[in-house]
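This is what each chain is made of:
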Amino acid sequence: MRHLTIVKLFMLALMLSGLHTLPVTAKNVSVLEFGAKPDDGKDDTRALRKAAEYCRHHPGTTLTVPPGTYRLRDATAEQLEQQVLSGKMGGDPEKVIFTPYYPYVRGLDFNGSDSVTIEATGAILMCEGWMEPLSITDCRNLTVRGLTIDYKRKPFSQGIVQEIKDNSFVVQFDERRIITDDIPITRMTLWDSSISGFYAEPFYFPRRRLLGNNRVEFEGHLPQRLRGAYIAALHSFHFRPAIFIGNSTSTTLDGVSIHSQPGMGIVGFDSTDITIHRLSVSAAEGFMFSTNTDATHFASCRGHISFDECSFRGQGDDATNVHGYYHNIASVEDGTVTLQLRSPTFTHAQMADIPRVGDSLELVRIATLVPEKTLRVTYVEHAPKAKDVKVRLDGELPENLGEYYLLNASKLPRLSFCRNSVWGQMARGVLAGMTQGFHHRQPDVAHRLIARLRFTTVDDAVRAFADHLIKLVEGQALMRLGDLGGADKEGAEQRAAGAADVGEQRHAGVFEDKANIFISNRRQLFDHFAEAAMHIEAVVGV
């Protein structure tokens, strides 16, 4: 009996000691159990990554992240940041760091997680080094609640316009980062307090002259009213997003906040059913600018993408952009079709857009973008990290392959954008485009405040009537905070928005070649620059 008692005590001691290492069977765990401790100024990366690893191997886990600030630091990510800011990636770092399969750091990797919930209300991930802070790939039923993502060193430098001359202006940058001749400045955007939004004409790759004491003179014309305005010098355009959702099903983001990211806020790619509730993409305290580019971006997704009660402010591009891709038909050999994506920056996930067996591909004439035939995928072949994809189809292709695209119609999600506020951003509030390789289907837009709403298509009237239904209902308000003057320098993306002359597009809402637009109880708010509350052209059924 005494021997049995000793054995029991020994087993109990082993169990108790295990509580201080890795939980074994618990489904409700806290990052504190893995060693993370908020607000102590110490590096929490190792502990947070252990917690993410636990979730990957334990389906059904609820991971609690108590309120406070957690340091997420990675040496490789910091090295990339340093290389970019020192000019080693060139004057336009996007051309290096936003290329197919470019290596990057995943801050917290939840790859393969199943039915995991992250309860993080009041928790802040303070990132150090350029990374993808939250990676959600190959997941099912993953929910993130309340998490805030920010950077200790913002991916832009903020200053104040101190002096405005005839053809130049002087900026006093703050002490957070010293501006040098080598540091890349891809775009400068100003916060115009008279409209509580971005000044309409940003400066791309501006010439500079260092004046000392972190004062810099830039070439360019500004109106005198912008003396004293906040200005942001971006150090890159696209990079990895703050949150990446890839090849995942039923992902929910609830009450998540993103204050800055050297790229987009959220990118969803090849994923099904994404629900976003109470998302806030906005500047951190003491700043006027948030993400360097889009707040959110979704490409080649399926099912339903839903926004509800979200707010967007100060991002460097659209609040959301939802589309698919047109693929060129490179060759056909022995019934195998090679697909190439010739978009200027490839996919927004920088990985191949791979169809699945059973997907429906539409044969689209390039000259008109009118689909002429639908084919089903019967076989798929893709080598790791390859840009091209090989498929077999259940029908024949025409001989003049160069006149056609193939569009994966199975990757065109339904979009709902309801009860959201979009204020003070570059570019559009909502972009669902169909030109230059972009394609969308069935957006529903309802409630609240949208700054610059744009839906475009060059499709025929019959397809527009069948596939593209736009609704603005229940007190929707449109606010035009600035035109697209100067944005034509971004070229392809603006043309993809359907603007023949983007410098002349000064409308709160632009609807061209659409069908079935329903508007009820809408308020129009616009400043003195607005030329029209809404532009409607070639529309059937308003």
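Residues numbered from 1 in each chain as written. Predicted model: local features only at pLDDT ≥ 70, side-chain atom pairs only at ≥ 80, totals over all residues. Heavy atoms only, no water.

Draft legend 1. Fine view of the overall build of the protein chain. In terms of helices and strands, the protein chain carries six helices and 43 strands. Considering the protein chain as a whole, with its 542 residues, one finds that 57% of them fall into the buried category. In the protein chain, once contacts between residues fewer than 6 apart in sequence are set aside, the share between residues at least 24 apart is 76%. Working note: accessible area of the protein chain is about 22,100 Å², and carbon and sulfur atoms make up 51% of it. (Helix = DSSP H or I, 4+ residues; strand = E, 2+ residues; numbered from the N terminus. Buried < 20%, exposed > 50% of the residue type's maximum accessible area, 1.4 Å probe, protein only. Contact = heavy atoms within 4.5 Å. Areas by Shrake-Rupley, 256 points an atom, 1.4 Å probe, with all protein chains shown as cover.)

Draft legend 2. Structural context of helix H3 (residues 75–85). Along H3, the residues classified as buried are Ala-77, Glu-78, Leu-80, Glu-81, Val-84 and Leu-85. Projected onto a plane normal to the axis of H3, the buried residues spread over an arc of 155 degrees and lie on a single side. On its buried side, H3 packs onto strand E3 (68–73), helix H4 (94–97) and strand E6 (123–128). For H3, the side-chain oxygen to backbone nitrogen distance between the N-cap and Thr-76 is 2.9 Å, and the N-cap itself is Asp-74. Looking one or two residues past H3, Gly-87 carries a phi angle of roughly 90 degrees, positive in sign. (Arc of directions from axis to C-beta. Polar contact = N/O pair within 3.5 Å; in protein donor to acceptor, adjacent residues only side chain to side chain.)

Draft legend 3. Representation of the nonpolar core in the model. Core analysis: the largest hydrophobic core is formed by 57 residues, its most contacted members being Phe-110, Ile-243 and Phe-312. If you tally residues by element for this core, the top one is helix H2 (residues 45–57), at six residues. Apart from residues lying up to four places away in sequence, Phe-312 is in contact with Leu-279, Val-281, Ala-295, Thr-296, Phe-307, Ala-319, Phe-417, Ser-421, Val-422 and Trp-423. Within the second largest apolar cluster, 24 residues are counted, among which are Phe-269, Leu-363, Leu-393 and Leu-401. (Core = buried A, V, L, I, M, F, W, Y, C linked by side-chain atoms within 4.5 Å.)

Draft legend 4. Quick look at the pattern of salt bridges. Enumeration according to the criterion identifies 23 salt bridges in this entry. Across the pair Arg-145 and Glu-119 runs a salt bridge whose closest N-O atoms are separated by 2.7 Å. One end of the pair, Arg-145, is in strand E8 (residues 140–145); the other, Glu-119, is in strand E5 (residues 117–119), with 26 residues separating them in the sequence. Each of Arg-73, Glu-78, Glu-81 and Arg-153 takes part in salt bridges that share partners, so that together they form one network. (Salt bridge = Lys/Arg side-chain N within 4 Å of Asp/Glu carboxyl O.)

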